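The primary structure of each chain is shown beneath.
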Amino acid sequence: GRVILELGDQKFETKPVVGANGLDPIWEETFTFEVQDPQTEKFKCTLFFGEVQIGLTAEYGMSDLVKMQLKYRGMAVPGGKVDLMLRPLDFGPDAEETEDDM
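As the structure is a prediction and not an experimental result, all values here were calculated from the model.

A. Expanded view of the pairing of strand β6 (residues 80-86). The sheet contact formed by strand β5 (residues 71-77) and β6 spans seven bridges and is antiparallel. Bridge pairing in β6 places M75 opposite V82. Between β5 and β6, which follow one another and run antiparallel, lie two residues, and G79 among them has a positive phi close to 85 degrees.

B. Layout of the sheet that holds strand β2 (residues 10-13). Spatially, four strands are ordered β2-β1-β3-β4 in an open sheet, and the strand pairing comes out antiparallel. Every other strand in the sheet has two partners, leaving β2 and β4 (52-61) as the edge strands with one partner each. Each adjacent strand pair in this sheet contributes to an overall mean axis angle of 15 degrees, direction not counted. Of the strand pairs in this sheet, strand β1 (residues 2-7) and strand β3 (residues 42-49) are connected by six bridges, and their pairing is antiparallel. Looking across to β3, one finds that V3 is bridged to L47.

C. Examining the confidence of the model for the protein chain more closely. Overall, the prediction assigns the protein chain a mean pLDDT of 89, with 89% of residues at 70 or greater. Looking at the elements of the protein chain, mean pLDDT is at its lowest for helix α1 (residues 95-100), recorded as 67, and at its highest for β2, recorded as 97.

D. Focus on the side chain of E41. As for its position among the elements, E41 is in the loop between β2 and β3. One buried charged residue, E41, forms no salt bridge at all, with the nearest opposite charge on K44 at 11 Å. Excluding residues that lie within four positions of it along the chain, E41 makes contacts with L7, V35, Q36, Y60, G61 and M62.

E. Geometry of the layout of surface pockets. Quantified by volume, the largest pocket comes out at close to 1200 Å³. In terms of lining residues, the largest pocket is bounded by 40 residues, among which L5, E29, D83, L84 and M85 are the most central. Going through the elements one at a time, β1, β3, β5 and β6 are the ones with two or more residues in the lining of the largest pocket. Per-element accounting of the lining of the largest pocket gives the leading share, seven residues, to β6. Among the residues forming the lining of the largest pocket, the class breakdown is 27 nonpolar, five polar and eight charged.

Rules and cut-offs
Residues numbered from 1 in each chain as written. Predicted model: local features only at pLDDT ≥ 70, side-chain atom pairs only at ≥ 80, totals over all residues. Heavy atoms only, no water. Pairing = 2+ DSSP bridges. Helix = DSSP H or I, 4+ residues; strand = E, 2+ residues; numbered from the N terminus. Axes fitted to C-alpha atoms, helices over the stretch in contact; angles between N-to-C directions. pLDDT = per-residue confidence, 0-100. Buried < 20%, exposed > 50% of the residue type's maximum accessible area, 1.4 Å probe, protein only. Lys, Arg positive; Asp, Glu negative; His and termini not counted. Salt bridge = Lys/Arg side-chain N within 4 Å of Asp/Glu carboxyl O. Contact = heavy atoms within 4.5 Å. 1 Å grid on protein atoms, 1.4 Å probe; cavity = no way out; pocket = protein on both sides within 12 Å on 5 of 7 lines; lining within 4 Å. Points joined across faces, edges and corners; volume = space filled by probe spheres on them. Nonpolar A, V, L, I, M, F, W, Y, C, P; charged D, E, K, R; others polar.

Below, the structure is given as structure tokens:
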């Protein structure tokens, strides 16, 4: 399996990986996107096995991300899910700001 990640005209593709049983591949890859407007831009994720797309392309907003904090996103696909961790490097409120708001 492989995953294609997109934001605007930026596109990254994971290395093809096959899990031990042919399923459940694990990717340990990091990609960096340039985000112009986290309030409106959407991050897209698509899973493929070979050339066959599995499930629908998922879209994720970024307006709720906190600067330098990991945020989990799960993409449901037939028979399972793809786990993603997002971390904004230079946008979003600082963690201290979000703690003060509570």
